[in-house]
Amino acid sequence: MPQHIRPRPICGHCDGFPTVTITTGTRTPDGERKTITAHCPACRGTGHTITARAHTRIGA
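Residues numbered from 1 in each chain as written. Predicted model: local features only at pLDDT ≥ 70, side-chain atom pairs only at ≥ 80, totals over all residues. Heavy atoms only, no water.

(A) Up close: the pairing of strand S2 (residues 33–39). Across 6 bridges, strand S1 (residues 19–27) lies against S2 in antiparallel orientation. Looking at S2, one finds that Thr19 is bridged to His39. (Pairing = 2+ DSSP bridges. Helix = DSSP H or I, 4+ residues; strand = E, 2+ residues; numbered from the N terminus.)

In structure tokens:
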């Protein structure tokens, strides 16, 4: 029987696009563009926000 999981909210900082590739403007010896990968710092590259239930304190 399938389990129904509620969808997590999409990150408001990156709008669900957590990882982007940025060109540096330089080229490799092969002629390809050099790129770097950047992740959203708010959601740490997941694209979703963490629910309030995940922030419970243990041993309080």
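Now that the structure has been shown, we can carry on.
(B) Looking closely at the environment of Lys34. You can see Lys34 is positioned in strand S2. Residues Lys34 and Ile22, 12 residues apart in the sequence, show an inter-C-alpha distance of 8.5 Å. Once you skip the residues sitting within four places of it in the chain, Lys34 turns out to touch Ile22, Thr23, Thr24, Thr26, Arg27 and Thr28. (Contact = heavy atoms within 4.5 Å.)

(C) Inspection of unusual backbone geometry at higher detail. Of note in this structure, Asp15 is not a glycine but carries a positive phi near 55°. Summarising the element assignment, Asp15 is placed in the segment before S1. For Asp15, a relative accessible area of 55% translates into the label exposed. (Buried < 20%, exposed > 50% of the residue type's maximum accessible area, 1.4 Å probe, protein only.)

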